[in-house]
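Listed below, chain by chain, are the residues.
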Amino acid sequence: MCTCSPADRPADPTRRHFLAAATLAAVGGLLASACQTGFGPSGGFSGTFTFKVTDYPALATVGGIALIDGASIPLAAVRSGTSSFIVLSRVCPHQGFTIGVAGSGFQCPGHGAQFDNQGTNVGGFPAGSMQSFSNTYDAGTGVVTVTG
Ligand code: FES
């Protein structure tokens, strides 16, 4: 579709206007794709998932980070207090690479996004923050229940 004003538009479309309209449509399509990519992949899951803290020795101390097995998506847990945890999706919000542990935080192997231990994007590629999940910890059983 031609975006020139009606005053500029000839009575009969010319080849130049046809090509301009086709180019605008193609650029518009590319921009729409780029915007969709910017939202990133879904790093979530539905329902609940549980894990036992004693299965992950790194979680015995506050600040410890563990890669959690068995969920439908790759997860990481950070022990944020004696009875609290941060549970994060390891699906990078940029293009879905699986984020790994790096020092006291995380890093994406895809394009180098760096995250602190709360999943906040703090350096490297500006990917956005890692998705976090609400969770509860039962100190009696040592089980963390994560809600997707
Ligand atoms: S996929 Fe993670 S920074 Fe691009």
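Just so you know, these numbers come straight off a predicted model, no measurement behind them.

Caption draft 1: Examining the confidence of the model for the protein more closely. Summing up the model confidence of the protein, the mean pLDDT is 81 and the portion of residues at 70 or higher is 73%. Here residues 1-39 is modelled with pLDDT under 50, and outside its nearest four sequence neighbours on either side it reaches 14 contacts, counting other chains as well.

Caption draft 2: Highlighting the side chain of R79. Relative to the assigned elements, R79 resides in strand β3 (residues 75-81). In this structure R79 is buried but unpaired, with D138 as the nearest side chain of opposite charge at 11 Å. What R79 contacts, discounting residues up to four positions off in sequence, is V53, L59, A60, T61, V62, G63, G64, S84, F85 and Y137.

Caption draft 3: Structural context of the pairing of strand β2 (residues 65-68). Of the pairings in the sheet, the one linking β2 to β3 comprises four bridges and is antiparallel in character. The partner of I65 across the bridge, within β3, is V78. A loop of six residues connects β2 with β3, the two strands running antiparallel in sequence, and G70 in this loop sits at a positive phi of about 95°.

Caption draft 4: Spotlight on the packing of aromatic side chains. This structure, assessed with the given rule, holds three aromatic pairs. When the ring of F51 is compared with that of Y56, the centres are 5.8 Å apart and the planes differ by 85°; the resulting orientation is edge-to-face. Where F85 meets Y137, the ring centres are 5.1 Å apart and the plane angle is 65°; that geometry is what we call edge-to-face. Separated by 52 residues along the polypeptide, F85 in strand β4 (residues 84-89) and Y137 in strand β10 (residues 135-138) bring together distant segments of the chain.

Caption draft 5: Expanded view of the sheet that holds strand β9 (residues 132-133). The strand order across the open sheet formed by four strands is β2-β3-β4-β9, and the pairing between neighbours is antiparallel. One side of each edge strand has no neighbouring strand; the edge strands of this open sheet are β2 and β9. Both β3 and β4 contribute to a ladder of six bridges, which runs antiparallel. Residue pairing for β4: V78 is matched across the bridge by I86.

Caption draft 6: Quick peek at the sheet that holds strand β7 (residues 114-115). Reading across from one edge, β5-β6-β7-β8 is the order of the four strands in this open sheet, with antiparallel pairing throughout. Only two strands of the sheet have a single neighbouring strand rather than two, namely β5 (100-102) and β8 (121-123). Both β5 and strand β6 (residues 105-107) contribute to a ladder of three bridges, which runs antiparallel. Across the sheet, the residue bridging to V101 is F106, located in β6.

Cut-off values and rules
Residues numbered from 1 in each chain as written. Predicted model: local features only at pLDDT ≥ 70, side-chain atom pairs only at ≥ 80, totals over all residues. Heavy atoms only, no water. pLDDT = per-residue confidence, 0-100. Contact = heavy atoms within 4.5 Å. Helix = DSSP H or I, 4+ residues; strand = E, 2+ residues; numbered from the N terminus. Buried < 20%, exposed > 50% of the residue type's maximum accessible area, 1.4 Å probe, protein only. Lys, Arg positive; Asp, Glu negative; His and termini not counted. Salt bridge = Lys/Arg side-chain N within 4 Å of Asp/Glu carboxyl O. Pairing = 2+ DSSP bridges. Phe/Tyr/Trp six-rings, centres within 6.5 Å; stacked < 30°, edge-to-face > 60°.

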